[in-house]
Amino acid sequence: PPYDLTGRVAIVTGASSGIGKATARLLAARGATLVLAARRESLIATLSEEIEAQGERASYVVTDVSQADSVDAMVAHAIEMHGRLDIAVNNAGIGAEVHFVTDMPEDYWDRVMGTNLRGNALCLKYQSRAMIASGQGGAIVNVGSVMSFLGCPGAAAYNASKAGQLSLTSSASSELAPQGIRVNLICPGVIDTPLHHAIKGNLGPEVFDGVKAQTHLRRFGQPEEIARCIAFLCSDEASFVTGTTLTADGGFH
Ligand code: NDP
């Protein structure tokens, strides 16, 4: 079957919820051994048990992607537990609060950048080191957003972090291609997850009625629909795809 990941070891950050959880389930179903990373231990422990109950392999490691030692330990866990690292999905992200630039709380800016952009850079650092050491190459998918390309009121920190991931992805791809490591950015539109519901609660549901009306498919996406795009980018079917973006937004204009 296409998108076969048998024998691969894959880290998914933000595996406790939403897009990351759906991605972990799908990559496991495609044969990968999963390393589930997030801060909420009980949620990744439960998902790990669920995956193992279905006959696939998984382990979990409590991780804060904004902290270098934590990311270092996450990658070390993958190597110690499973012997290698082939795939990484850098999905952990925050940003539900609404702040205009005029009143931007510095600590909010730092938290969003620390998780979404610095966290992504730290993951790339330690994951690429492990992949280079193995000499086997690898595939890294960073989770950006349609907001990697756009602006809107009240979300400057989140949008800037997502735009930063665009540059980070193409730069990392250019550096890591000689080592056989592909790096791509998936850019979802509005996806039905706890993050989306938190943003909707802060902005008001009417904002999203307008977004839905501007979306060709007239609906929001499900996490499983993004997981399938990520599985493609992780797989050998995407062997000539690197340094680029895949937008999955139902046609949002
Ligand atoms: P959720 O809130 O459902 O999930 C976010 C995940 O990130 C959780 O698993 C959370 O786990 C994890 N996370 C947050 N901070 C950290 C941290 N410091 N260290 C480790 N893990 C962390 O959101 P989504 O599934 O919607 O979002 C996933 C990604 O998709 C994000 O990068 C988001 O920006 C992006 N995205 C989402 C869209 C949407 O409409 N939903 C649209 C476009 C992009 P825990 O709290 O346990 O640490």
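Residues numbered from 1 in each chain as written. Predicted model: local features only at pLDDT ≥ 70, side-chain atom pairs only at ≥ 80, totals over all residues.

A.B. asks: Could you clarify how one ought to interpret the overall build of the chain in this entry?
C.D. replies: For the chain, the helix and strand inventory stands at eight helices and seven strands. For the chain, the residues scored as buried account for 45% of the 253 residues in total. Within the chain, contacts between residues at least 6 apart in sequence are counted, and of these 73% link residues at least 24 apart. (Helix = DSSP H or I, 4+ residues; strand = E, 2+ residues; numbered from the N terminus. Buried ≥ 20, exposed ≤ 12 C-beta atoms within 10 Å, placed from the backbone. Contact = placed C-beta atoms within 7 Å.)

A.B. asks: Just checking my understanding: could you explain the environment of histidine 196 for this structure?
C.D. replies: You can see histidine 196 is positioned in helix H6 (residues 194–203). Spatially, the C-alpha atom of histidine 196 lies 9.7 Å from that of glycine 95, the residues being 101 residues apart in sequence. Excluding anything up to four places from it in sequence, histidine 196 contacts Val190 and Ile191.

A.B. asks: Would you take a moment to explain the pairing of strand S2 (residues 33–38) for this structure?
C.D. replies: Where a strand is regular, its side chains alternate between the two sheet faces. Among the six residues of S2, six are classified as buried, and the element is accordingly described as predominantly covered. Of the two faces of S2, both are covered, the one formed by Thr33, Val35 and Ala37 as well as the one formed by Leu34, Leu36 and Ala38. In this structure, strand S1 (residues 9–13) lies alongside S2, joined through five bridges in parallel fashion. When the sheet's bridge partners are listed, isoleucine 11 is paired in S2 with valine 35. Read as a crossover between parallel neighbours, the route from S1 over helix H1 (residues 18–29) to S2 is right-handed. (Pairing = 2+ DSSP bridges. Right-handed = clockwise from strand over helix to strand, strands pointing away.)

A.B. asks: I keep staring at the site of the ligand and nothing clicks. Help me out?
C.D. replies: Taken together, 30 residues lie around the ligand, and Gly14, Gly18, Arg39, Gly93 and Leu195 are the ones closest in. Looking at the shell around the ligand, the elements with two or more residues in it are H1, helix H4 (106–134) and H6. For the shell around the ligand, the per-class residue count stands at twelve nonpolar, 15 polar and three charged. (Near = placed C-beta within 6 Å. Nonpolar A, V, L, I, M, F, W, Y, C, P; charged D, E, K, R; others polar.)

A.B. asks: So what exactly am I meant to see when it comes to the confidence of the model for the chain here?
C.D. replies: Interpretation of this model should avoid reading the predicted coordinates in detail wherever pLDDT is low. The pLDDT averaged across the chain works out to 97; a share of 100% of its residues lies at or above 70. We note a pTM of 0.99 for the whole complex and an ipTM of 0.99 for its interfaces. (pLDDT = per-residue confidence, 0-100.)

A.B. asks: When you look at the sheet that holds S2 in this model, what are you seeing that I'm missing?
C.D. replies: Two orientations exist for strands paired in a sheet by backbone hydrogen bonds: parallel and antiparallel. Spatial strand order, S3-S2-S1-S4-S5-S6-S7: seven strands in an open sheet with parallel pairing. Both outer strands of the open sheet, strand S3 (58–62) and strand S7 (245–248), are each paired with one neighbouring strand and no more. Taken over all neighbouring pairs, the strand axes of this sheet differ in orientation by 15° on average, direction set aside. (Axes fitted to C-alpha atoms, helices over the stretch in contact; angles between N-to-C directions.)

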